[in-house]
Each structure stands twice: as C-alpha cells, then as structure tokens.
Amino acid sequence: MRSYQGRSNQNSGNSSDLLFDAQRIFRSAIEAVSPFKLSQVIQEISVADSCRVVGAGKAAMAMASTLEQSYPDHSFSGQVVVPHGYIDSFPADLPPPRNIIVREGGHPIPDADSLHSARDALKIAESLGDQDTLIVLLSGGASALWSLPIAGLTLMDLQKVNQQLLECGAEIHQINTIRKHLSQIKGGQLAKAASPAQLITLAISDVIDDDESVIGSGPTVGDPTTWEDVVDIIDYFDIEVPPAVWKFIDQGIDGQYPETPESISSVFQHASYHLLVSNNDAIEGAKQMAEQLGYNVVERNLFVSGEARDIGAVMAQRVRLLQPRECLLWGGETTVTIQGMGKGGRNQELVLSAACEFKRSKANILLLSGGTDGIDGPTDAAGGWSTPNTFHEAKSKGIDLYEFLSDNDAYHCLQEIDQLLFTGPTHTNVMDIGIGLRGHE
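Reading guide: rules and limits
The numbering scheme is per chain: residues are counted from 1 as the chain's sequence reads. Whole-chain, interface and lining totals are the exception, using all residues; otherwise, since this is a predicted model, local features are given only for residues with pLDDT of at least 70 and side-chain atom pairs are given and counted only at 80 or more. Calculation of side-chain values draws on the structure's entire complement of heavy atoms; hydrogens and water are dropped beforehand. Note on conventions: DSSP H or I runs of at least 4 residues are helices, E runs of at least 2 residues are strands, and numbering of each starts at the N terminus. Only C-alpha atoms enter the radius of gyration, while the globule expectation follows 2.2 Å times N to the 0.38, with N the number of residues. The contact criterion used is simple: two residues touch if any of their non-hydrogen atoms lie within 4.5 Å. Only the protein chains shown count as cover for residues, with accessible areas throughout obtained via the Shrake-Rupley method and a probe of 1.4 Å. For this count, His and the chain ends are skipped, Lys and Arg are scored as positive, and Asp and Glu as negative. Here the site of a charge means atom NZ of a Lys, CZ of an Arg, CG of an Asp or CD of a Glu. Buried means the residue's accessible area, taken with a 1.4 Å probe over protein chains only, is under 20% of the maximum for its type, while exposed means over 50%, and partly exposed covers the values in between. Under this definition, polar contacts are N or O atom pairs within 3.5 Å; protein pairs additionally need one hydrogen-donor-capable and one acceptor-capable atom, and for neighbouring residues in sequence, both atoms have to be side-chain atoms. Note on disulfides: each one is a pair of cysteine sulfur atoms within 2.5 Å. Note on pairing: DSSP must find at least two bridges between two strands before they are called paired. Fitted lines through C-alpha atoms give the axes, limited to the stretch in contact for helices. The angle between two N-to-C directions lies from 0 to 180 degrees. For this analysis, a ring pair means two rings from Phe, Tyr or Trp (six-membered ring only for Trp) whose centres lie within 6.5 Å, classed as stacked if their planes differ by under 30 degrees, edge-to-face if by over 60, and tilted for the remaining angles. Just to be clear on terms, a salt bridge is a Lys or Arg side-chain nitrogen sitting within 4 Å of an Asp or Glu carboxyl oxygen.

A. How the structure looks around the overall build of the protein. A tally of regular secondary structure across the protein gives 16 helices and twelve strands. Relative to the 2.2 N^0.38 estimate, which gives 22 Å for 441 residues, the radius of gyration of the protein is 22 Å and therefore close to what a compact globule would have. Taking the principal axes of its C-alpha atoms as reference, the protein extends roughly 65 × 50 × 35 Å. Of all intrachain contacts in the protein linking residues separated by at least 6 positions in sequence, the fraction that spans at least 24 positions is 81%. For the protein, the exposed surface amounts to about 17,500 Å²; the carbon and sulfur share of it is 46%. For the protein, the distance from the average site of its 31 positive side-chain charges to the average site of its 57 negative ones is 7 Å.

Shown next as structure tokens:
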C-alpha cells in the first residue's frame, strides 16, 4: 500500500489527504482481523496437549503460527495449505509455524497441489481414533486449496466447473453448493473421515452471514444443500459442465450417490466450531480509526452483495450525500458477471463504476474499496479508489471509463491513472471493505 508520512490531516481538505485517511482506515480494518491478534481467543478454547492439525485458506499459515504461539507447551503436527506465493510473503517480523508443515496450492482455480493437500488432510483425519484430537484451521480460499474430486471425476473437471462459476456472477453460497457435491472433503466429509476423534474447527469467515456451511465449503459441518440445489444453480446460470460431472449429478438426483452429511449426522457428535473473526470485526476496526481521525461514521452497511458495478453506483450516490468530515463504511462481497475480455476484480469494478457516478460532482469526496486478503480477483491489487476527478483525469489521458467498465477491464484503467490499491497478501480474509469519505470543502 502506498505510504504517506508526516502529514496531519485533521483540518485539511484535498483528495490526497482523503486518500491518506482512507488507506489508514483500510489498514486498521485488516489489522483488526489479523490471526496474530487472536491468541487470547484461541487460548479460551480447550485444546488437548497433543493434536493433529490440518488447514486451508489464505490465513492458514498465520493461524497455524498463532496456534503454536498460543500453546507453546503443546505438541502439534500436521499440515496446512495456502495459495502459491504466500509462504514467501509471510511477514518477516512474525514467527512462521515451527512444527506444522505449510504447503501451497492453486487459487482461485485448484491445481494438482490443491488435490494433494486435500488428499493428505483426509488421510490424517482417517488415521485418528476416539482418543485423538484434530484441529481444523479454515479461512477464505480453502474451497479451492482443498480440491479432491469425487471418484470418477478429474481435476480438469473441477477446474472447468470452477472457472465458469467464477465468471457467471454466482455468489459464494451458490458456488460452494456445487463444489461440496463434487468433492470428497467438503460438505462435512472431513468430519466424517475424522469421526470418532475430537474435532475442533477454528474459522475466519469470508462469507455473507458467516454461514459455517459455506466457509471453506463447510468440511467439518453439516450441509443443508442437496443435489437438487446443484441442478437449480447450474440451470439458473446456464453453466456448461463436463459430461462426467453431469453423470454424477444425475446419479445424485436418482439417489445412487449419497448426499453430503446433514447436521444431525452422528459424525458431528464430537465436533465443535469456533468462529474467530468476521467482516463485522474489520468494520469495527475501520470505525475506530475513522473516529480517531476525526470523522463521524454515519452509516455502516454489513453483508453488502450484488453486482459490483451496481453496488459501486449506489455507494457513490451515498458518498455524494455525506456532509463534511463524515464517513460511510460497508463490508461484504460483490460479484462480477464476466462479459468482456479485460482484467480486474470486484473491488476494482466497483470503484470504476463509482468514478462514472462521481463525474458531475464537485465535492471533496473519495470512495475506496478493497479485499481484506490483499488480492482482488486475478490481479496483484487489493482494489482501488476514485474521486470526482477520476473521470476527468482519465479523459485527459484519452481513457473512456465506460469502455473499460464494459470490457471488465478495471485493472488496466485504474493502473493508467495510478488509482490501484496495493497491500500484498495480508494473511487474513474477511471479504471486502468499502470506505466513503468527505473532507472539508
């Protein structure tokens, strides 16, 4: 993230000061949900002296480290998986896991490493007896990082389905409904493999409503979705699935292939689930910093969802209505229906849409939107920001915002006008944070 130092902005009123404030607020939101701040919470959970550990997600490495730091006298062994590149991006001033092995896998599209990690996690679970304890560390990204297809399907089948789900505009609840039914580990099946061992899940939520069955595709909890739900979602979004996938779906509908375990199943008899932090905690961290900077937080919207460009226009309208030194915060996760050939993420598309809405305003306002994981879509940016000057700055460089928006090319557009937000991997993930500010006129 770009750094500004030595400036006091309590009484200032230009857009660079607003950007400085927005970035501080955004960083405070991320810091509020850092796994390294969860030691006290984790220590309140009863953990056996010796435990096996498996985990997946963008926060898995940090969670594994925090678990070991929280119980320095305990014996932990096992493995977690994070996206490619995350091991090298781990903060140099923080201790990496000592005994828990860290591996990398494909995200958001699973790869062979994702398959191997899921298979190894299942093997660890299956090796346990009724006197053993398994700790499962879950965070955003786990669904792709643990991808072991049901027998008869290939990794390529999963890759094709995942790619279409990510491009069709489906929400994560819908995406994970399909993922769970094509997997050997998702939808309660890791818990089934571990039973009758003691099972403790520690989770960081990256989904709307903090639904346990959706976080990481719910490998340790009951699954309320069905094969019929899978068909409904495929039909609604007109997804083209490989023939082998259709075969299994048909078998599932006909009762030839079992449903994922329901919450009443005995496999969950010795399972407990602990939600450590969520988007609401990030919003609270953002609010505290905004107030510290002298803003009046007039509105907080949780669980925002919908098409990114639509939400961008709506949030821009609300930001335009702010009074001087007021702040609007929101959290959630939007979607993008890919229709163009460009590059970008949901936060970047939201910001670009907001810039179009801002073009006739002369107010001293700014809108920033970013992913708390530091990664927005298939890009190296966390998101971006826009002001009323964004449209005119782009126009002066011969850039048509509407053209880039229609091509889903927010990344290259914002790159040209230097309005991308960079943080690098944050090793946490609680969906997205949006910030709207109005400074002094």
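Structure shown, so let's carry the discussion forward.
B. Layout of the side chain of Lys287. Note that Lys287 resides in helix α11 (residues 279-292). Since its relative accessible area comes to 18%, Lys287 is described here as buried. Only 2.7 Å separates the side chain of Lys287 from the side chain of Glu291, close enough to count as a polar contact.

C. The state of the cysteines, seen in detail. Scanning all chains against the criterion turns up zero disulfides. Looking at the unpaired Cys356, the closest cysteine sulfur is the one in Cys413, lying at 8.1 Å. Relative accessible area serves as the criterion here: at 0%, Cys413 is assigned to the buried category.

D. Expanded view of the environment of Leu322. Structurally, Leu322 can be placed in the loop between α12 (308-320) and β8 (326-332). Relative accessible area serves as the criterion here: at 4%, Leu322 is assigned to the buried category. Between the C-alpha atoms of Leu322 and Leu437, which are 115 residues apart in sequence, the distance is 7.6 Å. Excluding residues within four positions of it along the chain, Leu322 makes contact with Val298, Cys327, Leu328, Gly436, Leu437 and Arg438.

E. Focus on the sheet that holds strand β9 (residues 365-371). The mixed open sheet is built from six strands, whose spatial order is β7-β8-β12-β9-β10-β11. In this open sheet, the two edge strands, each paired with only one partner strand, are β7 (296-304) and β11 (420-421). Judged from the four bridges that link them, β9 and strand β10 (residues 383-386) form a sheet pairing that is antiparallel. In the sheet register, Gly370 faces β10, and the bridge partner there is Gly383. Across the face of the sheet, helix α1 (residues 15-32) comes into contact with β8, β9, β10, β11 and β12 (432-438) while running at roughly 30° to β9.

F. Just the packing of aromatic side chains, in detail. Applying the stated criterion across every chain yields a total of six aromatic pairs. Taking the centre distance of 6.5 Å and the plane angle of 70° together, the rings of Tyr71 and Phe76 count as edge-to-face. A relative accessible area of 11% places Tyr71 in the buried class. Each ring, one from Tyr236 and one from Phe237, has its centre 4.8 Å from the other, and the planes form 85°; the classification is edge-to-face. Tyr236 sits in the exposed class, given a relative accessible area of 65%.

G. Examining unusual backbone geometry more closely. Along the chain, His107 connects to Pro108 via a cis peptide bond; the corresponding omega equals 5°. With respect to the secondary-structure elements, Pro108 resides in the loop between β3 (100-105) and α4 (112-126). Across the junction of Ser195 and Pro196, the peptide omega takes the value 15°, indicating a cis bond. Of note, Pro196 is situated in the loop between α8 (189-194) and β5 (198-204). With a phi angle near 70°, Asp209 is a residue other than glycine that sits in the positive phi range. Looking at Asp209, the relative accessible area reads 52%, which means it is exposed. Of note in the backbone geometry, Asn408 takes a positive phi value of approximately 50° without being a glycine. Along the chain, Asn408 turns up in the loop between α15 (401-406) and α16 (410-416).

H. Highlighting the pattern of salt bridges. Counted according to the given criterion, the structure contains eleven salt bridges. Here Glu357 makes a salt bridge to Arg320, at a shortest N to O gap of 3.5 Å. One end of the pair, Glu357, is in helix α13 (residues 346-358); the other, Arg320, is in helix α12, with 37 residues separating them in the sequence. Residue classification places Arg320 among the partly exposed positions, given a relative accessible area of 35%. Salt-bridge contacts for Glu393 lead to Lys397; the nearest nitrogen and oxygen are separated by 3.6 Å. Looking at Glu393, the relative accessible area reads 27%, which means it is partly exposed. When its relative accessible area of 45% is taken as the criterion, Lys397 is described as partly exposed.

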